[in-house]
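If you want the building blocks of each chain, they are given just below.
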Amino acid sequence: MIKLFKKNKIVSTILVAVQITVLLAGLSGCGKASADIPELIEPSTIATAYRPVSKRTVGKIEMIYGHVVPKEYPVYSDKTVSLSEILVSVGDYVEAGQVIARVNTAVLDERAASINAQIASLNRMRSNKKNISDKSIEKMGYELKIEEYLQNEEGIKTKTKEIAVERENQRYNLAVYDADISSLKSELAEITEQQSNNEFVAPISGPVVYVRDLTESNEIPGNQNIVTIADYDDLYIEAEDKNINKYEFENYKSKWTYLNGKKVEIDERNYSNEEVSYALSVQMNPPMAFDVKEGQLIMGTDMPMYFLEGDDAPQLAVGNDSIYRDSGENFVYVKGPDGKNEKRIIELGVTDGLYTEVISGLEEGELVFYNNRAMIPSSQDIYEVELSDYVEECTSKIVDLAYPKYEIYTSEISGDFSRIANTGMASAGDALFSVDSNAGKGDVEEARLTIENLDKTRQEASDTYNKNRAELEEILKGAEMFTAEDMGTSTDAIYENMYLAERTKCDIDTLDIQESYEKAEYNATRSIKMEEYEKIRIGTTYVDGHSDYVESAVRDGKIAAIVHDNDAKIEKGSYVLTESYRNDKPNHTKLLAIISEEPGLVSPINTAYLGQKVTLVNKQEGDGSAEDVKNLKTWTGTCIGINGNKNRFMLFTDDDRPHVTFSAPFNKNVEYQCILEMDGEITETDLLRNELTIPAREMRQVVAVPMKAVKSEVDQLTQKEKHFVWKLEGEEYVKEYVIVYDSISATGTKYILSGLEVGDKILK
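Treat the numbers as computed from the prediction; the structure is a model and nothing was measured.

Student: Explain the overall build of the chain here, please?
Tutor: Summing up its helical and strand segments, the chain has eight helices and 47 strands in all. Taking 27 Å as the expected radius of gyration for a compact globule of 764 residues, we find that the chain reaches 44 Å, considerably beyond that expectation. Each principal axis of the C-alpha atoms in the chain carries an extent, and together these give about 160 × 70 × 40 Å. Counting over 764 residues, the chain shows a buried share of 45%. In the chain, once contacts between residues fewer than 6 apart in sequence are set aside, the share between residues at least 24 apart is 78%. Put simply, the chain has 85 plus and 133 minus side-chain charges, and the middle of one group is 3 Å from the middle of the other.

Below, the structure is given as structure tokens:
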């Protein structure tokens, strides 16, 4: 028979030994061709009962349950990250490469801005240094021409050397600037790469089926999933209670399930040796997963899987209640053509506790006596076995509108926290919290004075520039009126006046270049200092009894938790709260359902799985009349989001190395919860009096028979309950042992795990 595993509970009969009835010492005729059934057996038998020898799969069959799920692809980080925003919600369809979430990069952003400012300043300094050097070389060129005019060999040599030195100094200085700029650009490139790496994108196209809950923190620990995306075209069976380190059937020869009533082989989804070794080393082992070799799986359904060490091909078998043993030999009583019983020595093989393989001694179809203590029902109401859907349901009244999207709020300053809003609903523009800055009045005043001193210094430099330029322009005017004849042959006059206009113009250009540089430096520095001043003074004054730094809601939403107490000391960038909000599609309301055990409700044995259909009924007050029932509001929907499970691991290879991640529960470690998308619009009023029905166990096209058709008896040797039906064989009803699913709720039907096939006829 079958040994059924279900979350640490054996729900079917334990394998028992072959029943052996020892004949009394006085029994004779063991070697004869025919024999009477021993007299002592007759009183314990309600009626003379025979069962035809038939072929069936025998042996110790193990069985485990699984669910049909889609392959999920995680969006995750190896290290702990703090999110600044998450751009998707459960139910969204995303394209491969689409941005999913962004990490809070405030520190990186500030460093990048600082480096960009330094690079800009160095570029200005480089340009200024080069331009002034060029003007100096140009002026020295005129001075060289004077030496050449005077044919002063020593002067020519000296001036030529000065020009060469200036050019070499310029080359060296520019090289130093270029090296400093290159170093900063390299650092900036690393930061830019970090910023780009902190933008998470979808690995595949598909629906979002899980989003990390952010109601109490925006921090995601390493190897926890931020989002998972499903591939609904890649379905497999995931075992309920077996993982890669807790799987005993790897070397079993026969593995199968039933799909639409047809027996189909299954195979394990294999991981690489490196992946398995890694998962075992960190003790984070993913569930066993199985593929069917043929046929199409249906997402959300349950699939029993069967495992047999040997060959699962049907073998000739006889019921254990027909087998006797004497003097080391096994024998049965076979009904002969004349109606007399023939004692037949048989050779036996493997057993499943109910039926045993017959290696020799019997032919298929022969009628064998079995020990029957059950009364055949007087009613001859026949039921022909067929395939149908078997569903067990669990119900809950804990259903709420889902708020699956998140707006994250962090503090822009350090200081003392003050709560303004409480948890609950918030409207766009509502004040949420404020922070009293840690910056003292002295710090603010120092920042203001820095800007004031910059302005004063700039003004003084501008005044000096204007004065010096006016003096040079006066020299230029005089030089332009001075002629070559005025110089004569006086060496001093030639040194003083030759090319005076050109040399003065070089001085004016140099002065302009320096002024332009200093003005640009002033503007850039003042902008930075002003930004620092504006930041440092935020939260230092009070408006309406609160710090002037107040964060307000950017949209209508729901605040589930505020993590800081009033007057708590918080740092810049600290997480404060998340405002979750709805994003329903037209005529499709999203709900969050929590399946809980309450008086009068079915015990929760499961939660909805992706793709499963659910029903919500709004139970209006009334007297329970037919009219009340007729007016009940009913909605159908589909499970689109699954709850995280800290023990359900995902094992995969990324960047050429193995990873294991998991999805944390939505909130408060509630095990049974899911997100639903309903067919229709639902209001909060509709949810006041409701009952949600979810398939707790859902199997499609399986053998399910009326409950009253299944009988039970207690094995006298093992004291274990056995189930059977009365099956029509020819014109006789025989006891056929079956394995049934141990249902929790009363469905009116029994799901038959083994023992019956489509077309069999049984008594109701």
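Student: How should I be thinking about the sheet that holds strand 11 (residues 219–220) in this particular structure?
Tutor: The sheet built from four strands is open, its strands ordered 9-8-6-11 with antiparallel pairing. The open sheet has two edge strands, strand 9 (199–201) and strand 11, and neither has a second partner. Relative to strand 11, strand 6 (residues 81–86) runs antiparallel, the two sharing two bridges. Within strand 11, the residue paired with valine 81 across the bridge is isoleucine 220.

Student: I tried to follow the side chain of serine 254 on my own but got confused; where do I start?
Tutor: By the secondary structure assignment, serine 254 is in strand 13 (residues 254–259). Residue class for serine 254 comes out buried when judged on its relative accessible area of 6%. Here the side chain of serine 254 touches glycine 310 through a polar contact of 2.7 Å, landing on its backbone oxygen.

Student: Got a minute to help me understand the nonpolar core in this structure?
Tutor: What tends to happen in soluble globular proteins is that the nonpolar side chains get buried as a cluster. Formed by 30 residues in total, the largest nonpolar core has its most connected members in Ile64, Ile237, Phe290, Leu297, Met305 and Phe307. Looking at this core element by element, the count peaks at four residues for strand 12 (residues 225–243). For methionine 305, the residues in contact, after removing those within four places along its chain, are Glu62, Met63, Ile64, Tyr65, Gly66, Ile237, Ala239, Trp256, Thr257, Ile266 and Phe290. Ranked by size, the runner-up nonpolar core spans 28 residues in total, among them Tyr210, Val211, Ile640 and Ala664.

Cut-offs applied
- Residues numbered from 1 in each chain as written.
- Predicted model: local features only at pLDDT ≥ 70, side-chain atom pairs only at ≥ 80, totals over all residues.
- Heavy atoms only, no water.
- Helix = DSSP H or I, 4+ residues; strand = E, 2+ residues; numbered from the N terminus.
- Rg over C-alpha atoms; globule rule 2.2 N^0.38 Å.
- Buried < 20%, exposed > 50% of the residue type's maximum accessible area, 1.4 Å probe, protein only.
- Contact = heavy atoms within 4.5 Å.
- Lys, Arg positive; Asp, Glu negative; His and termini not counted.
- Charge placed at Lys NZ, Arg CZ, Asp CG, Glu CD.
- Pairing = 2+ DSSP bridges.
- Polar contact = N/O pair within 3.5 Å; in protein donor to acceptor, adjacent residues only side chain to side chain.
- Core = buried A, V, L, I, M, F, W, Y, C linked by side-chain atoms within 4.5 Å.

Any functional reading would require information beyond the geometric quantities listed.
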